[in-house]
Each structure stands twice: as C-alpha cells, then as structure tokens.
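# Residue-level structure breakdown
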Amino acid sequence: MIRLERRPQPSRLWTAITPLLAVLLTMIVGGLMFALLGKPPLEAIRIIFWDPLFHPQFAAYSRPQLLVKAGPLILIAIGLSLGFRAGIWNIGAEGQYIMGAICGAGMGLAFYPTTNPLIFPAMVIAGALGGWAWAMIPAVLKVRFGTNEILVSLMLVYVAEALLASVSQKLLRNPEGMGFPGSRNFQQYPAAHNGELLPGTGMHWGVLAAFMAVIFAHVLLTRHIQGFNIRLTGEAPRAARFSGVSPARIIFLCLGFGGALAGAAGLFEVSGPAGQITIDFNSGYGFTAIIVAFLGRLNPIGILLAGLLMALTYIGGELAQLMLGLPGASIQLFQGMLLFFLLATDVFTNFRIRIGKTEVA
Amino acid sequence: MADTLLSLRGLTKAYPGVVANDDISFDIRVGEVHALLGENGAGKSTLVKMIYGLVKPDKGEMTLGGAPYVPAEPKAARASGVSMVFQHFSLFEALSVAENVALGMENPPKTRDLAKQIRDVSENYGLPLDPFRIVGTLSAGERQRVEIIRCLLQKPRLLIMDEPTSVLTPQEVEILFATLRKLSAEGTAILYISHKLEEIRALCDHATILRLGKKVATCTPADSTARELGELMVGSSFASPVARNHASGAVLLEVQNLTLPAPGAFGTPLRGISFSVKAGEVLGLGGVAGNGQDELLAALSGERLSDPGSVTLKGTDVSRAAPMARRDAGLLSAPEERLGHAAAPAMSLIENGLLTAARREGLVSGGFVNWAKARLFAEKVIKDFDVRTPSPGTAAGALSGGNLQKFVIGREILQRPDVLVVNQPTWGVDAAAAAAIRQSLLDLAAKGAAIIVISQDLDELMEVSDRFGALNEGRLSTIRPVAELNMEQIGLMMGGAHDMEVAHVA
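Residues numbered from 1 in each chain as written. Chains lettered and ligands numbered in written order. Predicted model: local features only at pLDDT ≥ 70, side-chain atom pairs only at ≥ 80, totals over all residues. Heavy atoms only, no water.

Taking an unreviewed UniProt entry as the reference, chain B is identified by name as ABC transporter belonging to Puniceibacterium antarcticum.

Which entries qualify depends on this criterion: UniProt positions are given in the numbering used here, feature names are shortened, and annotations may be inferred rather than shown by experiment.
An unreviewed UniProt entry annotates chain A as ABC transporter permease of Puniceibacterium antarcticum. Its UniProt record gives chain A the following Subcellular location (unreviewed entry) comment, quoted word for word: "Cell membrane".

### Some words on the overall build of chain B
The condition that has to hold: Every helix listed is a DSSP run of H or I at least four residues long, and every strand listed is a run of E at least two residues long, numbered separately from the N terminus. Both definitions apply: the radius of gyration is a C-alpha atom measure, and the globule rule equals 2.2 Å times residues to the power 0.38. Using a 1.4 Å probe on the protein chains alone, a residue whose accessible area is under 20% of its type maximum counts as buried, one over 50% counts as exposed, and one in between counts as partly exposed. Note on areas: Shrake-Rupley with a 1.4 Å probe; residue coverage comes only from the protein chains shown.
Along chain B, the regular secondary structure elements total 16 helices and 23 strands. In terms of overall dimensions, chain B is globule-like: its C-alpha atoms have a radius of gyration of 24 Å, near the 23 Å expected for 506 residues. Here chain B holds 506 residues, and the buried ones make up 55% of them. On chain B, roughly 20200 Å² of surface is accessible, and the fraction owed to carbon and sulfur atoms is 53%.

### What to know about the confidence of the model for chain B
Residue and element names in this part refer to chain B. Definition in use: The score called pLDDT rates the predictor's confidence residue by residue, from a low of 0 to a high of 100. The contact definition used throughout considers only heavy atoms, calling two residues in contact when any of these lie within 4.5 Å.
In this model, chain B carries an average pLDDT of 86, and 93% of its residues clear a pLDDT of 70 or more. Overall, residues 238–243 carries pLDDT values under 50, and its contacts beyond four positions in sequence, including any with other chains, amount to 11 contacts. Counting interchain partners and residues more than four positions distant, the pLDDT-below-50 stretch residues 497–506 has 23 contacts.

### Some details on the nonpolar core
The following threshold applies: Nonpolar cores were defined as sets of buried Ala, Val, Leu, Ile, Met, Phe, Trp, Tyr and Cys residues, with membership established by side-chain atoms within 4.5 Å.
Within the largest apolar cluster, 80 residues are counted, with the highest numbers of intra-cluster contacts made by F34, I74, L75, I76, I78, I102 and I277 of chain A. In this structure I74 of chain A touches A210, V214, I303, L304 and G307 of chain A, once residues within four positions along its chain are discounted. With 75 residues, the next largest nonpolar core counts V387, V408, L442 and M493 of chain B among its residues.

### Notes on the packing of helix α6 (residues 119–145) of chain A against helix α11 (residues 247–271) of chain A
In a packed pair of helices, the relevant descriptors are the angle between the two axes and the axis-to-axis distance. This is how the line gets drawn: Inter-axis angles, ranging from 0 to 180 degrees, are taken between N-to-C directions of lines fitted to C-alpha atoms, where helices are fitted over the stretch in contact. For any helix crossing, the convention is left-handed if the near helix is rotated counterclockwise from the far helix by under a right angle, and right-handed if that rotation is clockwise.
With their axes 6 Å apart at the nearest point, α6 of chain A and α11 of chain A run at an angle of 145 degrees to one another. Here α6 of chain A and α11 of chain A pass one another in a crossing that is right-handed.

### Here's the deal with the environment of I134 of chain B
All names here are of chain B. With respect to the element layout, I134 can be found in the loop between α4 (111–124) and α5 (140–152). The spacing of I134 and L297 is 163 residues in sequence and 30 Å in space, taken between C-alpha atoms. Ignoring sequence-local partners within four residues, the contact set of I134 consists of E93, A94, L95 and S96.

### As for the sheet that holds strand β11 (residues 251–260) of chain B
All names here are of chain B. Going by this rule: Two strands are counted as paired when DSSP detects at least two bridges linking them.
The four strands are arranged β12-β11-β14-β15 in an open sheet whose pairing can be described as antiparallel. The open sheet terminates on both sides in strands that have one partner only, identified here as β12 (270–278) and β15 (316–317). As defined by bridge partners, strand β14 (residues 311–313) adjoins β15 across two bridges and the pair is classed as antiparallel. Across the sheet, residue L313 finds its bridge partner in β15, namely T316.

### What to know about the sheet that holds strand β9 (residues 206–211) of chain B
Residue and element names in this part refer to chain B. A sheet is described by the order of its strands in space; here six strands give the open sequence β6-β7-β8-β3-β9-β10, paired in mixed fashion. For this open sheet the edge positions go to β6 (82–85) and β10 (214–219), each flanked by a neighbour on one side alone. Each adjacent strand pair in this sheet contributes to an overall mean axis angle of 20 degrees, direction not counted. Direction of pairing for β6 relative to strand β7 (residues 158–162): parallel, over a ladder of four bridges. Along β7, the bridge assignment pairs V85 with M161. Sheet contacts for helix α6 (residues 170–185): β3 (33–37), β7 and β8 (189–194); angle to β8, the most-contacted strand, approximately 145 degrees.

### Focus on the interface of chain A and chain B
Applicable threshold: Note on definitions: buried area is the accessible-area loss of two parts on being combined, 1.4 Å probe, summed for both. Within this document, salt bridges are pairs made up of a side-chain nitrogen of Lys or Arg and a carboxyl oxygen of Asp or Glu, the two lying within 4 Å of each other. N or O atoms within 3.5 Å of each other form a polar contact, as long as, within protein, one can give a hydrogen and the other can take it, and as long as residues adjacent in sequence are counted only when both atoms are side-chain atoms. Lys, Arg, Asp and Glu make up the charged group, whereas Ala, Val, Leu, Ile, Met, Phe, Trp, Tyr, Cys and Pro make up the nonpolar group; the residues left over, Gly among them, are polar.
Residue-level contacts link 21 residues of chain A with 38 residues of chain B. Here chain A meets chain B over a buried area of about 2400 Å², counting both sides, of which 62% is carbon and sulfur. Considering only the side of chain A, the residues that lose the most area to chain B are F228, R238 and F242 of chain A, jointly responsible for 29% of the buried surface there. Counting across the chain A and chain B interface gives one salt bridge. With a shortest N-O distance of 2.6 Å, R231 of chain A and E351 of chain B are connected by a salt bridge. Counting every contact that joins chain A to chain B gives 10 residue pairs in polar contact (both at pLDDT 80 or more). When contributions to the side of chain A that touches chain B are tallied by element, the ones reaching two or more residues are α8 (205–223), α9 (225–235) and α10 (237–243) of chain A. Looking at the side of chain A that touches chain B residue by residue, the classes come out as 10 nonpolar, five polar and six charged.

### Considerations on the side chain of N174 of chain A
All names here are of chain A. Structurally, N174 is set in the loop between α7 (149–169) and α8. By relative accessible area, which is 16% here, N174 ends up buried. Ignoring anything within four residues of it in the chain, the contact list for N174 reads G182, S183 and R184.

### Topic: the pairing of strand β19 (residues 419–423) of chain B
Residue and element names in this part refer to chain B. Filter applied, for reference: We call a crossover right-handed when, viewed with the strands running away from us, the connection from the first strand over the helix to the second turns clockwise.
Most of β19 sits inside the fold, with five of its five residues counted as buried. Neither face of β19 is left uncovered, since the one carrying V419, V421 and N423 and the one carrying L420 and V422 both have all their residues buried. Bridge count between strand β16 (residues 331–334) and β19: four bridges; the pairing is parallel. If you follow L332 over to β19, its bridge partner there is L420. Examined bridge by bridge, β19 and strand β20 (residues 450–454) share five bridges and lie parallel to one another. In the strand pairing of β20, N423 is matched with I454. Viewed along the sheet, the connection from β19 through helix α14 (residues 431–446) into β20 turns out right-handed.

### Comments concerning the pairing of β10 of chain B
All names here are of chain B. The sheet contact formed by β9 and β10 spans five bridges and is antiparallel. Across the sheet, I209 pairs through a bridge with A217, a residue of β10. Linking β9 to β10, which pair antiparallel, is a turn of two residues; within it L212 sits at a positive phi near 50 degrees.

### Some points on the pattern of salt bridges
All names here are of chain B. All chains considered together, the criterion is met by 24 salt bridges over all chains. Between D386 and R388 there is a salt bridge; the shortest N-O distance is 2.9 Å. Its relative accessible area of 55% is what places R388 among the exposed residues. A salt bridge links R411 to E412; the shortest N-O distance between them is 3.0 Å. Look at R411 and you get buried, because its relative accessible area is 0%. Owing to a relative accessible area of 0%, E412 belongs among the buried residues under this scheme. Among the charged side chains, a salt-bridge network with shared partners connects R438, E460 and E463.

Spelled out as structure tokens, the structure:
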C-alpha cells in the first residue's frame, strides 16, 4: 500500500528539483509521443530544446526570438504571480494585455507623426493605465459585491477582443491602409517604435521592463512589508486580517499591478514585434503567462527561467513543425505536459511517499 | 467487584522518532471508574486507540474478561464490549438524534423502536434527550449525550471517555457524573481521560498517570491532593501563580454597548456588551464555546469594526480603528485559533513574529522589513517563553500546539501591551507550560497592563482573574469579583438560556 504523508515543512530539495524533473519527464513522455507519431524522438527533442539556440542555420533568426517571446510572458507572469501569491486569481491578463495595447497604441497614433521623444514613454504609461483600468473592473466588483474575479476577469477577455476587432476596423484603422483592417505600422513611426535596442538580440524595451519587473517583484516579496502582506494573505487570510492587512487593499494592489504589467506588455508588443493593432494581434500571451507563473512556482527568478523555457518550446516547437512536420497540436500537448508534470511532481514538495501497511491514526 | 475486566501488559507503540507508549501495564476492574491522566503528548490517546482497536501495539498484550483481546478494528472492539466517546463528536448536524444513532449501528432497528430504546436509556441514566430533535439544534452537552447514548445502546463492558467535560457547563458536568456513577454501579467500567485533577478526584476510583509515554503510577485519586497528582503528571513541581496585587489603576479599556451582527451563518452576534478593565487587573470571561468569544476578540482586535464610541482605549475611541492602529495605541490580542488566525502555518516563526510586531518592535523601516531584527525578536520570544523549536526559521505549523501557543502569547506579551486580550491562552498546552503562560499574564498585569482572558477553562479563570463575567449567546453577564463567586453561581452565569435541565437519575 502506497500512501502520501504530509511533510511537516515543504521540502527545499524537492522545491528545487521538481522543475528539472518535470522537464525531464516531459522530454521522456513527449519523446515517446513523437515516436508514436512516427517521428525520431531524440531529434525532435533536440530541435525543440537545442536548435533554436545553436542550429548553424536557424539560430541567427530564432535566438533573438527567445527574448522577444519571453519578454511579454515574463512581464505578465510577474504581475499575475503577485495576485496568485495572495490567492487572487486574475485569469484575464489576455484582456488587460489587449487593452494596454489599444490604449498605448491609441496614444501614439493620436499624435502621429510626432517626433517628440516623450511620445514613447507616454504610450507606455497609457498602456499600463489601460491594463490597470481593465483589471480594476474585477477588483471593484469583487471588493464591492464579492463577485468572483476568475469569472469576471476571464469574461472581460472576450469583451476586450471584441473591442480590439472594433478599433482595428474603425477607430484606429490606418487611414492610408486602403481599407484593410489594422492600424498604422509603428515600424514606420520612429518616435513611437519599440525597436531592438541591441541589433540581433531581440532585446527591446519590453524585455528590459520584464527584467526590471523580476527584480522589483523579488525585492517586494522578500524585503518589503507589502510583499509580506501579499504572501500572508495567500497563506492565511484570517491571519492577514488579524495582522491588519486590508483584503480590499490587497485585491486592488494585486489586480492593479497585474493589469498594469499586462497592459505594458501589450503596448511593448504592439509598438515593437507586432508593429500594429490588428484583429488578431493578441496571441495568447496572457493565458500562457499563467502557465509560466506556475512553472516558475510564483517565484520571480523562477518565472524568469520559466518564461525563457516556455519561449524556447514555442520557438523550438515551430521549428519542429517546420523540419519534421510534427502536427501543431502535438507541440501544444508537449507544452501542456510540462505543466502537468510540474504539478504532479510538486506533490512531493509537501508530501512524502510511505510504502507499507496502512495504519489508522 | 474486584474482578479484573481489562488487563494491559507491557503495551508498547513507537512512531518514527518517538515512543508513544513504553511498556505500559495496568488493570481496569469491573465497574470501576479508572482515570487516565497525563499531559498532552504523554501517550493517553495512543493508549486508548490501542484499546479501541484503532492502532495496533508493537508489543504487549491485553486480556478482556480473562480472554486474550486483540481488536483489529473498532468494530471488533465494540463487539467485545468496548465503546468510546471521542472528544470531538462525529455527528451529522442535519439529521435527527435517532438517525445519527442508527448510522453508527451494524443493524439498526426501525426508527420507532430505536427512538423508544433511546428514550429508555436516556431516562434510565438521567440524560434527557429527544430522539427526534435535529442535532444541529443541540448544545454541546446534548450532543455529547447523543454520543454516550449511542455507546450505551451497545451495552458496553468498558466505556472510554476522552476529556468529556471540556465542553460542558458545571451543571452539565454534574449530570454527566451522575450518569457515570450509575453506570459504574451497574458494573460498567469507565476509562476516563482528563487532565482536570479536581474532576478526577471527585469521580474516579483509581488513576493511572502517564508521562512521556511511560506509566508513572497508579494511585487512588481521592487519597492524593490535586497538587500531588499534578506533580506526578508533570514530573516536577511547578510554580503556582503568585497571589495577585489587587491595587488596580485607571480604566484602560472601556467597552460600551458593543453590538455586532453575526459574521456569517455560523457566528454569534454580539448583543450590547459593556465592561471596563483597569490597569493591573485581569478580567476573566467564561462561557461555553461558540457564545461570542471569537466575535468579541475580533471586535477588540480591530478585525471587525463596531459603532463609534463602543470601544474606548485610554480615553480614545478606537472602535473604527484598524488592527494596526489599535496595536500602535497599545491594544494587543491573541486569538484562540493558532493555525491560520493567530499564526500563518506555512510561514516561519520569524515571519509570524512580524505578523503583529512589525510596528511596535520597529521591524519595518521605510516599508522594508529588517529581517535581522525580526529574527532577533522571534529568538527572544522563543527564549523567554521556552518555545521548543529547531530554529526560528521553522514553519509555525510544524510546532506542537502548546509550543505554538507559547510563541503566540509570548509574541504579544513581549510587545509590552497596555491592554491584552487573549482567547483560550492555554488551550491544548501542557500543565507546566500553562502555568508559565498564566504566570506571565499575571506578571504583565502586575506591571500595570489590563488583561482580558477569554477562556472555557473555569479553573484557569478562577486562578488568574480578579473579576469574572460569562458570555452567553453574545450577551455578557454582570461582572463580579471572583472572590465572591462559587461554582454554582458561575454555572448560572454561564448557563443563561442554555439547557439547564437537572438530572433525574432513576
């Protein structure tokens, strides 16, 4: 008889090795899946994890993509992780990301074609505010009426998508775009363009912001009393209230921060790699960031690594589709496995296995 | 009457890292009330679990009525005539008494027959109970009767009772004792687990005392003083609290007509509570659990805000002030529920020190936590209050209940409060630690703090309080000096609208 026994304290060893173990198990089971699909498993794994960085032919293109893809994932996941730490489940980062993009791009396009260098900072602020305002809707409803932030924030994603479709066809449509939906392209608007800071690296302002967010969140959670209050609220809400932490304040803080970072990520994306507002400009970063946050175990440094890993599987996955003809769905499965195995191995952080006779205690 | 019913020989049970029971032998005779006495962690629970078939001994044997007795599971124990009333009831609130009793039976009779049996037993043993009442409407004392009757219907030869009086008013205790004496007179042996020494002296024929898993003595409690029993239990003499200094000073905390609706479906509303506490004074608030204790603490700690003017601290109205502001002003508190309310289980003791001491101890400057200082504070609490923990970095949830309680109380006392409110300060704490906690509360009062002790342990309240009041359904009785009170008056103060039926022992 095998049973799980709760550890008195979470195991530090297991906390450290479960992500590695999860990656390893994903490689094994994923490789098995690729083999069943009739593709060479080792090669597929190599293409996903190795080739994007070191392939002689493709790496020059795909290496910068790593930061381009990881940047928004990390930025959004950091914001989400603070809420998750406090037990506030903002599932609607995708919507906040879209609203940030719309507001930030709107700010830039309103002053087209200015050359004032302040336009880009103004767009960043407008983007962050847009995401913040969108996140305030579930926050206010939760504090005022006790609604469930999971449902409200998630449903607001679809509202945001509808708004995105509307503005890309009407309000923000490129007047010189010959009637095609979509805004002006920021690549032809130098003052507002979020270009590469160092050529060939993929580094843009959004990636820099993501790194800064990692440092900020790390300091907040480990050194600052508000970070302590956030963790306390998540660990023991009653103890937090006893301590004097106002639940409403934590809700506003966490949802607001998450929304602002997601909004800023949207702006960085629309003014940089994406280039313009289009109907399908959003690509699911807001949802993938939830996985990244948990893969990084809600720890800022962990999220940094998880974001890079997730970006790698995206780029590698595309490469594998291209080179081996793997079906796209199998890549998604592969990414899903990563989260699945992480959650599965995570059990051992808090529990240990006992093999032997059961004993009623 | 001198026949041995249950005989234990060399029972031993080890868990990883601890020997819970080490070579325990004693006899329980037919019809005797046998006390099992010991501190928390002395091994009482493990021992009765072995007798009741919940745990298998590593070594040793038991005989019941002369025959070898090896219960594989509680069902086998019940079939052999051993029943147990647990400290925590396992009843379905939405079902009636009879339905609850039927659920525990192998082959329940028809409800009507069962109801008749329940009535018979309840009349026979002086345990008034209506078989068709819904359990959710019963008081704790009445619920316990359901459990007892459930056992009695099986006509046990040995009835095990685990701390049965912890939830009862003094009157209910009397009813229970009358029942137990009658059972014993009819030949049912009772194994009575408790750490309330006076009770054991009043009720039990013999007592076996356990300490750290070993049997220390079997004695006749009526021939020993409570102090002797207590010292056997603890293994060393412990200091009784020093007599208090009655000179009290100015009023520090004044509560005026404090009224609050119930928080949620299971809470109790507070109804017009008024009292005041002076410097140097200890006010004891008794009452059966669930009569507004938690709610009163929340209203005083600032977790719930009350109408302006209802809570006044040193002349300043703090009824609308948040917990932090009240702490700044000198009003500190320690809730009953240690895990999840007074402390966050998954967080370290250092972090749990920060939980209430952040501002008063200057552990935070400019919003940033000074972890070195926080560690020093936690270490000081651990040292001054003898908290047994591997390190201050250990998670609060990994500590034993008593040690965490010492930490929680110590954390507040070391912040030098002007007014301290504690709820169940020694709940689940062993006798020596409880004495230490009570002493530290009295010391704090002697230094001029006003203290409110909310507790269900009357002995404790009598020991530490200058004045006593009781909570009942969210109302507070008149507050009277402890010196003028006797147990009966206290019972009436606590009882209020509670079930006050007197036993009619047939």
